[in-house]
Amino acid sequence: MRCLLRVVAALAALGAFGGCSPSPRDGSLTAPGYAVRQLPFVEDAEPFRIALGDLNGDGRRDIVACGTTLERGFVRVFLAQPGGEYAPHDIETPVSPRGIALADLDGDGHLDLVTANNRAMSISIFPGDGSGGFGERHDIQLLRNPFAVVAEDIDGDGRRDIVAVGEGGIIGIAYNRGGLAFDPWRYFEQPYGPSDVIAADLFGEGRHDLVVPNWRDNHLAILRNLGRRQIYPVQAVPYAGKAAFGAAAGDFDRDGHADLAVTLLDEAKIELLFGTGDGSFRHGRNLVVGPGVRDVAAGRLNEDDLVDLVSTSTEAGEIQLFYGDGRGGFLTRDPLKVGSHPRSSALGDLNGDGLDDIVVANLGSHDLSVLVSQQDRRVALAPVPPDPAQALRPLVALAGVFAQAEADFKAGQMTAALGGFERIVETGEKLFRAGALVPGTSPEWVRYLASVVLVSDIRRYHLHEPAGARDGERRLARLAERRRYFNVAAVEWTAVADIERYDLGDLRAAAAAYERIVRLARGRSFAAPRAAVYPPIAEGALYALDSLPSAQPGRRRRLQALSLPLPFQPQNSDIASMVIPHVSAYQSDAESGATNAAFVRAHPRDFRAAYADYFDFVTTVQLGPMFRKRFPDPARLHDAFLQNHPDDLLCFAVVSQTLVLLKGTTNTEAYDREIALARTLGENFGIEVHVAGDETRGSAVTQGLTGGARRPS
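Undergrad: I tried to follow the environment of Gly57 on my own but got confused; where do I start?
TA: Mapped onto the secondary structure, Gly57 falls in the loop between strand E3 (46-53) and strand E4 (62-68). By relative accessible area, which is 63% here, Gly57 ends up exposed. Residues Gly57 and His110, 53 residues apart in the sequence, show an inter-C-alpha distance of 8.2 Å.

Structure (structure tokens):
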């Protein structure tokens with residue numbers, strides 16, 4: 001007997017946008033909020049795609065989700081019950097179902113289930129029995145790893161046909177002969193990596209044409225349906241990005257022609273393509289979404305009967321709702337957090353209020369998020385922010401200026417290089433202040449940040465103007481604070497402190513900069529998402545405050561203990577791009593493998609040099625075993641770091657990385673020696689060191705060591 005699953009998730013209204021209904025108080029446009037519930041999927045299986053439909057004729061929409069473990073495929077069926085409860089039961093499928101659809105394929109009035117089984121290279125059909133169950137499975141072989149499936153009447157005979165795409169490069173149509181019998185596949189080669197398929201009338205002929213995005217290339221494959229099983233590829237539709245994994249259709253501007261929305265994984269955007277009715281499209285504005293966008297769905301989220309969109313962003317762990325204005329534009333609100341690593345969503349009315357609700361498949365948390373609209377809870381909508389790519393055009397236009405300035409820098413033409421870098425700093429600063437430029441890995445941010453640091457380098461080391469170098473880094477530090485990018489601000493304040501301490505000799509000003517870093521670290525809850533102070537930067541500031549000559553005698557130390565291995569591994573974060581964004585300016589064609597060494601030589605008394613040496617060590621440790629002839633001995637780099645940066649807290653990161661590598665190996669002597677070194681470093685730095693799991697053995701090993709000894713690994 002099926003157990004009754006009571007959905008016990010919090011009915012927390014996450015707020016929503018919703019129909020363009022005015023607020024009674026201020027006239028702003030609002031939308032319904034959402035009650036959010038989690039439905040568990042099959043244990044240890046990752047749900048991938050979802051379909052909605054009434055499986056048992058009770059007037060309520062049920063939920064079906066396909067997913068897989070490494071060895072088995074599943075569909076979990078959630079039959080809707082009164083009061084928001086669900087009765088789940090599972091169906092086993094061939095391994096790795098990636099696509100799912102519900103449709104009455106045999107004309108008996110009951111919805112049948114279709115899955116596209118990626119690794120099993122098949123399409124499975126489960127005939128529905130009208131009570132929420134399914135009969136014996138029928139499999140149709142489909143080579144090249146089927147990834148998505150739809151069931152639509154393609155040939156106009158009143159029966160739903162099956163269309164599937166294989167990520168190995170194929171589009172297949174199986175025409176329905178009735179009684180769950182299908183003609184052999186009709187194949188269309190599509191070598192660019194089909195990732196989804198939707199049906200839409202693109203030519204205004206009343207027939208289902210097919211739209212197939214590709215993850216390997218930047219175009220949509222279009223198959224025009226001429227009727228009577230005459231369907232042919234037409235000219236592909238380009239889009240401005242790559243790695244498209246999802247598409248949705250609807251008349252966004254109410255001109256009577258189908259429009260398209262396409263996910264751009266590499267750009268973290270939804271591109272809008274407005275149809276002209278003849279199969280061609282004009283490009284509209286992009287909708288900026290969270291990182292990892294893999295799916296988009298169209299539906300009716302509010303009361304205005306206009307087409308709305310829901311995007312699903314895997315890396316961001318969120319969905320974004322966009323409310324159509326009927327003119328090709330959209331309103332939105334803050335993204336909604338769902339489960340871990342959401343992959344796709346499906347829209348349909350689950351509570352009978354006439355609006356589409358949202359169901360999301362979460363890979364990481366192995367569950368579904370069910371968002372049910374609450375019309376009595378309203379949230380104001382706002383215009384969609386502009387696409388940063390448009391706002392960043394002034395900085396994009398300076399790419400050539402940066403390249404020339406970097407070339408001048410390498411050639412020793414410092415005055416010319418300074419002029420070019422300062423142009424980029426001036427432009428980037430305006431865009432950063434306005435919110436158009438955000439920290440990350442975009443070329444525009446990297447060029448701006450590198451220019452700030454290179455201006456500082458030129459003034460500090462070549463023009464001998466340390467005050468000018470300090471002013472430039474301090475200006476960015478303050479601006480980053482205001483924008484709540486505390487990670488950037490803390491790095492820049494560290495640079496300011498270095499200059500105050502070593503070049504200008506103002507220890508009080510250096511201490512003030514370090515204190516600022518400590519305050520930013522404590523205020524991590526106020527930082528922008530993923531923009532808290534990096535732990536080694538915060539710990540370095542604490543240690544610097546303890547070691548400054550101006551520190552009060554007898555005052556309790558700010559940094560008292562460290563636990564190894566360190567939980568934060570710099571190489572697993574973006575700290576390198578924030579600390580040393582300009583290292584390429586020190587690369588020589590004649591010595592391409594010695595970039596970090598040249599950088600370190602050029603940066604005496606600079607914390608950035610220690611980071612360059614650290615990343616040189618980590619790279620050698622990770623890649624050296626595979627390319628022994630290209631990389632130096634990591635033990636030599638280990639010892640060189642401790643000798644060259646004896647007062648830098650990154651010494652503990654080097655030792656921590658070494659302990660991680662030696663842990664569990666047969667080289668217990670080297671491991672014990674590294675523990676001893678860790679404790680000796682602790683004595684040198686005045687910091688108590690704890691090594692996880694090795695307190696007793698480690699203390700015995702350290703007996704007899706002197707405080708300042710440097711031991712090779």
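Moving on from the coordinates now.
Undergrad: Would you take a moment to explain the packing of aromatic side chains for this structure?
TA: Given two aromatic rings, one states the distance between the centres and the angle between the planes to describe the pair. Inspection of every chain in the model, using the stated rule, returns 19 aromatic pairs. Between Phe432 and Trp445, the ring centres sit 5.3 Å apart and the planes meet at 65°, which makes this aromatic pair edge-to-face. Taken together, the residues Phe432 in helix H4 (residues 414-434) and Trp445 in helix H5 (residues 443-462) connect sequence positions 13 residues apart. Taken as a pair, Phe432 and Trp445 share a single burial class, namely buried. Taking the centre distance of 6.4 Å and the plane angle of 50° together, the rings of Tyr534 and Phe568 count as tilted. On the criterion of sequence distance, the pair formed by Tyr534 in the loop between helix H8 (507-522) and helix H9 (535-547) and Phe568 in the loop between strand E34 (561-564) and helix H10 (575-579) is long-range, its members being 34 residues apart. Here Phe568 falls in the partly exposed class, since its relative accessible area comes to 22%. An aromatic cluster is built from Phe252, Phe274, Phe322 and Phe330, whose rings are joined through pairwise contacts. Between the NZ or CZ atom of Arg98 and the centre of the ring of Phe48, over which it lies, the distance is 4.3 Å. Between Arg186 and the ring centre of Tyr232, over which it is positioned, the NZ or CZ distance is 5.5 Å.

Undergrad: Can you walk me through the pairing of E34 in this structure?
TA: On a regular strand, each side chain points to the face opposite its neighbour's, so the side chains alternate between the two faces of the sheet. Burial along E34 is one-sided: the residues Leu562 and Leu564 are buried and none of Ala561 and Ser563 is. Bridge count between E34 and strand E35 (residues 688-691): 4 bridges; the pairing is parallel. Bridge pairing in E35 places Leu562 opposite Val689.

Undergrad: Explain the environment of Leu504 here, please?
TA: Looking at the element boundaries, Leu504 is found in the loop between helix H7 (486-503) and H8. The exposure class assigned to Leu504 is partly exposed, which follows from its relative accessible area of 33%. The spatial distance from the C-alpha of Leu504 to the C-alpha of Pro466 is 7.1 Å, given a sequence separation of 38 residues. Excluding residues within four positions of it along the chain, Leu504 makes contact with Pro466, Ala467, Arg470 and Ile499.

Undergrad: I tried to follow the nonpolar core on my own but got confused; where do I start?
TA: Of all hydrophobic cores here, the largest spans 104 residues; its most connected members are Phe409, Phe421, Phe432, Tyr448, Tyr514, Ile537 and Phe652. If one sorts the elements of this core by residue count, helix H12 (residues 607-623) sits on top with 10 residues. When residues of this core are sorted by domain, at least three fall in each of domain 2 (389-465) and domain 3 (607-692). Beyond its immediate stretch of four places on either side in the chain, Phe421 contacts Phe402, Ala405, Glu406, Phe409, Ser451, Leu454, Val455 and Ile458.

Undergrad: Got a minute to help me understand the sheet that holds strand E23 (residues 269-275) in this structure?
TA: In any sheet, the strands associate via hydrogen bonds between backbone groups, in a parallel or an antiparallel arrangement. In spatial order, the strands read E21-E22-E23-E24; together these 4 strands make up an open sheet with antiparallel pairing. Because the sheet does not close on itself, it has two edges, and the strands there are strand E21 (247-250) and strand E24 (281-288). Going across the sheet, the axis of each strand differs from the next one's by a mean of 20°, ignoring polarity. In the sheet, E23 pairs with E24 via 6 bridges, with the strands oriented antiparallel. Bridge pairing links Lys269 to Val288 in E24.

Scoring rules and cut-offs
- Residues numbered from 1 in each chain as written.
- Predicted model: local features only at pLDDT ≥ 70, side-chain atom pairs only at ≥ 80, totals over all residues.
- Heavy atoms only, no water.
- Helix = DSSP H or I, 4+ residues; strand = E, 2+ residues; numbered from the N terminus.
- Buried < 20%, exposed > 50% of the residue type's maximum accessible area, 1.4 Å probe, protein only.
- Phe/Tyr/Trp six-rings, centres within 6.5 Å; stacked < 30°, edge-to-face > 60°.
- Lys NZ or Arg CZ within 6 Å of the ring centre and 35° of its normal.
- Pairing = 2+ DSSP bridges.
- Contact = heavy atoms within 4.5 Å.
- Core = buried A, V, L, I, M, F, W, Y, C linked by side-chain atoms within 4.5 Å.
- Domains from an automatic or database assignment.
- Axes fitted to C-alpha atoms, helices over the stretch in contact; angles between N-to-C directions.

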